[in-house]
Amino acid sequence: MKVIVIAGITPSTFFAHVSLATALRDAGHQVMVTGADDDVIPTIAAAGLPAVPAMEPGLTRKQIFAEAGLSRVPDDAVEREYMAGRWFALIEKRPLDALLTFAKDWRPDVVIGGMLAYGAPLLATRLGVPYVRQAWDIHTPKLFDEGATYQLREELAELGLDALPEPDMLIDITPPSMRTPDSEPAQLMRWIPGNSQCRLEPWMYTKGAATRIGVTVGTGVADYDQYDFVQGIVKNVATLDVEVAVAVPEAAVPVLRERLDGNVRVGWVPLDILARTCDVLVHQSGGSTMMTALSIGVPQVLTPHAGQLRPAEMARRVVEAGAGLMLPAEQTTTELIAKHCQEIISNPSYAAAAAGLAEEIAALPLPAEVARRIEWLVHKTSA
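Criteria and thresholds
Residues numbered from 1 in each chain as written. Predicted model: local features only at pLDDT ≥ 70, side-chain atom pairs only at ≥ 80, totals over all residues. Heavy atoms only, no water. Axes fitted to C-alpha atoms, helices over the stretch in contact; angles between N-to-C directions. Helix = DSSP H or I, 4+ residues; strand = E, 2+ residues; numbered from the N terminus. Parallel < 35°, antiparallel > 145°, perpendicular 65-115°, else oblique. Left-handed = near helix turned anticlockwise from the far one by under 90°. Contact = heavy atoms within 4.5 Å. Nonpolar A, V, L, I, M, F, W, Y, C, P; charged D, E, K, R; others polar. Salt bridge = Lys/Arg side-chain N within 4 Å of Asp/Glu carboxyl O. Buried < 20%, exposed > 50% of the residue type's maximum accessible area, 1.4 Å probe, protein only. Phe/Tyr/Trp six-rings, centres within 6.5 Å; stacked < 30°, edge-to-face > 60°. Pairing = 2+ DSSP bridges. Disulfide = S-S within 2.5 Å. Arc of directions from axis to C-beta.

Our focus in this paragraph is the packing of helix α14 (residues 287–296) against helix α15 (residues 309–320). With their axes 11 Å apart at the nearest point, α14 and α15 run at an angle of 15 degrees to one another. When the axis of α14 is compared with that of α15, the two are roughly parallel. The way α14 lies across α15 gives a crossing that is left-handed. Contacts from G287, M290 and L294 of α14 reach α15 at M314, A315 and V318. Among the residues making up the contact of α14 with α15, the classes are represented as 5 nonpolar, 1 polar and no charged.

Now the structure itself:
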């Protein structure tokens, strides 16, 4: 069986595909992985998976948005999420011609795409093969889908469609107790983190104090100039008499090491390694970070960015499950983050709730089992 995986536009979206793509390869299938941003290709290759470049070299997202006249960021949060669907659709359809050319030489039997990889259903429909939609996080992308449908209306009309094609299989990684009443029927799968690896140091997998708080603000610490914010978090959390470990991209390490106290651990470290040593994980509500914490059973302090519905919705669901605390963007200060960390450390109910969710996730079908079900889907379709 030949499988092509369309893994989105960032390393974080690609990481969600690593376990299933690897399981398919381990089952003897041929797997090719591509992303709708050329910067993702090195990350795919670093994870040991075949990487197929499909985007024009040097083309940036800003150029794509400017060409389409969609550079303005709406102020309204609902409109922004709808517009984000249009943005993703714009980016994801750009590699389509290259992938169709690729498919003439290497025709896949099935196309797997992430929740916002809107090129995947178009490619699968063009080729007449099954389409598998794989969740990246616990978010329901209704507004994104509406925006993408509008943006792709001409491409869909060419296929005789007025809406995005329904997947032949939807893979969900949400713990069963966190699924909502309106959740679509899905093939559930255990979340297993996929991260870039590095040469490990002892501090990354062992903690030096009774309590450790992990801090990460994702891969955009430099892009959004969040150095002061990270420094403020560490300064206030350190007053709790705990050890602090900060996970940031390699490019941000020298700046933060210069700014932070020598007792604070800081560096690029696979999050699934670091999170197992933490009693609390502070982060910006990114989907992969959140799922990694949930799968390991670490309570979370969540700080979603202002004006973004998706991270805030996911954070609320973690809070409702009792596995963390959230600070709305307009209330987020480094002092309150430290206060929330203290609340979680002092109250064992958060750790208990997080452990319960981790048990739910561990009981879900492994990627290897889901790979077999994809085999059956392809066999049934071809028959």
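Evaluation of the coordinates by the stated rule reveals 11 salt bridges. The residue E243 makes a salt bridge to R212 at a minimum N-O spacing of 3.0 Å. With E243 in strand β8 (residues 243–247) and R212 in strand β7 (residues 212–215), this residue pair connects regions lying 31 residues apart in the sequence. For the pair shown, E243 and R212 are each scored as buried.

With that out of the way, let us pick up the environment of Q308. Here Q308 is to be found in the loop between β11 (300–302) and α15. Overall, Q308 belongs to the partly exposed group, its relative accessible area being 34%. Placed 232 residues apart in sequence, Q308 and D76 show a C-alpha to C-alpha distance of 9.3 Å.

Before going further, it helps to spend a moment on the packing of aromatic side chains. The relative placement of two aromatic rings is captured by the distance of their centres and the angle of their planes. The full count for this structure, using the stated rule, is 3 aromatic pairs. Taken together, a centroid distance of 6.1 Å and an interplanar angle of 70 degrees make the contact between F88 and F144 edge-to-face. Here F144 lies in helix α8 (residues 142–151) and F88 lies in helix α5 (residues 77–93), a separation of 56 residues in the sequence. With respect to class, F88 is no different from F144; both count as buried.

Taken together, the 6 strands give an open sheet; going across it, the order is β2-β1-β3-β4-β5-β6, and neighbouring strands pair in parallel fashion. A strand with exactly one partner marks an edge of an open sheet, and here the two such strands are β2 (30–34) and β6 (187–188). Strand direction decides the pairing type here: strand β1 (residues 2–6) and strand β3 (residues 110–114), joined by 4 bridges, are parallel. Residue I4 lies in a different strand from β3, and its bridge partner there is V111.

With that settled, consider the sheet that holds strand β9 (residues 265–267). Backbone-to-backbone hydrogen bonds pair the strands of a sheet. The strands run either parallel or antiparallel. Pairing in this open sheet of 6 strands is parallel, and the strands run β9-β8-β7-β10-β11-β12 from one edge to the other. Of all strands in the sheet, those with a lone pairing partner are β9 and β12 (324–326), marking the two edges. Direction aside, neighbouring strands of the sheet carry axes that sit 15 degrees apart on average.

Turning our eyes to something else, we now look at the environment of E146. By the secondary structure assignment, E146 is in helix α8. As a C-alpha pair, E146 and D162 span 16 residues in sequence and 11 Å in three-dimensional space.

Moving on: the state of the cysteines. Scanning the entire structure with this criterion turns up 0 disulfides. The thiol of C278 is unpaired, and the distance to the nearest cysteine sulfur, on C341, comes to 10 Å. Judged by relative accessible area, C341 falls into the buried class, the value being 0%.

Restricting attention to buried positions, one finds in α8 the residues F144, D145, G147, A148 and Q151. Burial along α8 is one-sided: seen end-on, the buried residues are contained in an arc of 165 degrees. On its buried face, α8 is in contact with α5, β4 (131–134), α9 (153–158) and α15.

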